[in-house]
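Fold and geometry: a report
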Amino acid sequence: MFSELTGTQLLILAQRIVPVILLGLLWSWESWAAFKPYDRQIRYRHAFHNLLLAILNALFIGLLFGTAVEFMSQWSREHDWGLLYQLPLGMFWKTTLAVVLLDVWMYCWHWLNHRIPLFWRFHRMHHSDPHMDVSTATRFHWGELTFSTLSRLALIPILGLQIWQLVVYSILVYLSTQFHHANISLGKADPVLRWLFVTPDMHKIHHSRLHREFNSNYSTVFSCWDRLAGTYQMRNHLENIEFGLSEYDEPDRQTLLGMWKTPFYPPSPQPDPQNRKRPPD
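What you see as residue numbers is a count from 1 along each chain, following the sequence as written. Restriction of local features to residues with pLDDT of at least 70 applies here, the model being predicted, together with a cutoff of 80 or more for giving and counting side-chain atom pairs; totals for whole chains, interfaces and linings are based on all residues. Water and hydrogen atoms play no part in the side-chain values, which are based on all heavy atoms of the structure.

This brings us to the UniProt feature "domain: Fatty acid hydroxylase" (unreviewed entry) in the chain. UniProt positions are given in the numbering used here, feature names are shortened, and annotations may be inferred rather than shown by experiment. Residues annotated by UniProt as "domain: Fatty acid hydroxylase" (unreviewed entry) correspond here to residues 96-231. Note on conventions: DSSP H or I runs of at least 4 residues are helices, E runs of at least 2 residues are strands, and numbering of each starts at the N terminus. Helix makes up 66% of residues 96-231 and strand 0%, whereas the separation of the span's terminal C-alpha atoms amounts to 24 Å.

As structure tokens, this is what we get:
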């Protein structure tokens, strides 16, 4: 059966299977050696809401943009339109450059989601998770995913991206985001690994409630973009870190409906003794 599939079809199949396998492995790791243990019932309910949200998002984005990405990639290829088609490089180096350029764009896009009030309204749903674990990697609002997909559609003809290059990078993103959102710690290996890749300890800082911390560490796959842009930050005693946004701690705002409504109502007024400012609404 697999021998009848093209290379691109095999990559798309891997794009669907790899995240499920990794989710199971990291969930097991969290169950065995969680960095921040919490009540099992809360954990199951939390993961159920996040994963159900992810399934509904996949259906919605698939219906909305199911063929658009492939169409833009094919149009770019047929017209030799885009940066990569103009460079005298072999396919390996073009793909490597495509991955690097996409990761740079992901850094910029993430930074914009924290700086532009409209984008932050949707992105803050991801940050409102008080129990960061591997399921948090799937917790995004359909509005944010819509904006993100539209930006990628514009990027395809600019860079001259082929569909399978997008799939390769998507697999890397799934691997990276599930890994660095997981409720785990690599111990002494983390400082070594994060010289190149975004690690769980590095991304925990990004999900802190403190303004100076959640506005740092925007990288997705490669950690170097934060170092180059001056947005890299680490601290000691990560076991004391608090995840989430205090304005969204109420149980009704952690349900599926509550998460969907996050962009559409203002944060509830609460005292903020640590002056934990957030981007404007």
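So, about the packing of helix H3 (residues 68-78) against helix H7 (residues 142-159). It is at 9 Å that the axes of H3 and H7 come closest, and there the two elements cross at 15°. Taken together, the axis directions place H3 and H7 in an arrangement best described as roughly parallel. Considering how the two elements wind past one another, H3 and H7 form a crossing that is right-handed. Packed against H3, whose contacting residues are Ala68, Val69, Met72, Ser73, Trp75 and Ser76, the element H7 presents Leu153, Ile156 and Pro157 at the interface. When the residues that make up the contact of H3 with H7 are grouped by side-chain class, the tally is seven nonpolar, two polar and no charged. Inter-axis angles, ranging from 0 to 180 degrees, are taken between N-to-C directions of lines fitted to C-alpha atoms, where helices are fitted over the stretch in contact. When an angle is under 35 degrees it counts as roughly parallel; over 145 it counts as roughly antiparallel; between 65 and 115 it counts as roughly perpendicular; any other value is oblique. In this scheme, a crossing is called left-handed if the near helix is turned counterclockwise away from the far one by less than a right angle; it is called right-handed if the turn is clockwise. Residues count as neighbours in contact if any of their non-hydrogen atoms are within 4.5 Å of one another. Basically, the charged four are Asp, Glu, Lys and Arg, the nonpolar ten are Ala, Val, Leu, Ile, Met, Phe, Trp, Tyr, Cys and Pro, and anything else, Gly included, counts as polar.

When the UniProt feature table is mapped onto this chain numbering, "transmembrane region" (unreviewed entry) sits at residues 12-29, 50-71, 91-112 and 153-175. Secondary structure across residues 91-112 comprises 100% helix and 0% strand; the distance between its end C-alpha atoms is 31 Å. The distance separating the terminal C-alpha atoms of residues 153-175 is 22 Å; by composition the span is 87% helix and 0% strand.

A few words on the packing of aromatic side chains. Any aromatic ring pair is given by two values, namely how distant the centres are and how the planes are angled relative to each other. Two aromatic rings from Phe, Tyr or Trp, using only the six-membered ring of Trp, form a pair when their centres are within 6.5 Å; if the ring planes differ by under 30 degrees the pair is stacked, by over 60 it is edge-to-face, and anything between is tilted. Going through the model one piece at a time under the given rule, you end up with twelve aromatic pairs. With a centroid separation of 5.5 Å and 65° between ring planes, the pair formed by Phe60 and Trp142 is classed as edge-to-face. Residue Phe60 is located in helix H2 (residues 40-65), and its partner Trp142 is located in helix H7; the two are separated by 82 residues in the primary sequence. The class for Phe60 is partly exposed, based on a relative accessible area of 34%. The classification of residues rests on relative accessible area computed with a 1.4 Å probe and restricted to protein chains. Under 20% of the type maximum is buried, over 50% is exposed, and intermediate values are partly exposed. The partly exposed category is assigned to Trp142, whose relative accessible area is 33%. When the ring of Tyr107 is compared with that of Tyr218, the centres are 5.9 Å apart and the planes differ by 85°; the resulting orientation is edge-to-face. Of the two residues, Tyr107 sits in helix H5 (residues 91-115) while Tyr218 sits in the loop between helix H11 (211-214) and helix H12 (224-229), which places them 111 residues apart along the sequence. The two residues Tyr107 and Tyr218 agree in class, both being buried. Here a set of aromatic residues connected by ring pairs shows up, and it is made of Trp105, Trp109, Phe119, Phe122, Phe147 and Phe264.

As a rule of thumb, nonpolar side chains are buried together in soluble globular proteins. By size, the foremost hydrophobic cluster in this structure holds 20 residues, and its most contacted members are Leu102, Ile156, Leu161, Leu166, Tyr169, Val221 and Phe222. Those elements that place two or more of their residues in this core are H2, H5, H7 and helix H8 (163-181). Looking at which element gives the most residues to this core, the answer is H5, with five residues. Excluding residues that lie within four positions of it along the chain, Leu102 makes contacts with Leu155, Leu161, Leu166 and Tyr169. In this text, buried Ala, Val, Leu, Ile, Met, Phe, Trp, Tyr and Cys residues form a nonpolar core when linked through side-chain atoms within 4.5 Å.

Confidence scores here are pLDDT values: one per residue, from the predictor, ranging 0 to 100. The predicted model of the chain has a mean per-residue pLDDT of 88, with 90% of residues at 70 or higher. Here helix H1 (residues 7-32) is the element of the chain with the lowest mean pLDDT, 82, and H12 is the one with the highest, 97. Segment residues 1-5 is flagged for pLDDT under 50; beyond a separation of four residues in sequence, or across chains, it makes five contacts in the model. Counted against residues more than four places away or in other chains, residues 270-281, with its pLDDT under 50, gives 24 contacts.

On to unusual backbone geometry. Negative phi is the rule for most residues except glycine; trans is the rule for most peptide bonds. Phi angles above zero are rare outside glycine, and Asp80 is one such case at about 50°. Along the chain, Asp80 turns up in the loop between H3 and helix H4 (83-86). Given the relative accessible area of 47%, Asp80 is considered partly exposed. Phi is positive for Asn217, close to 55°, though the residue is something other than glycine. By the element assignment, Asn217 lies in the loop between H11 and H12. Classification of Asn217 as buried rests on a relative accessible area of 1%.

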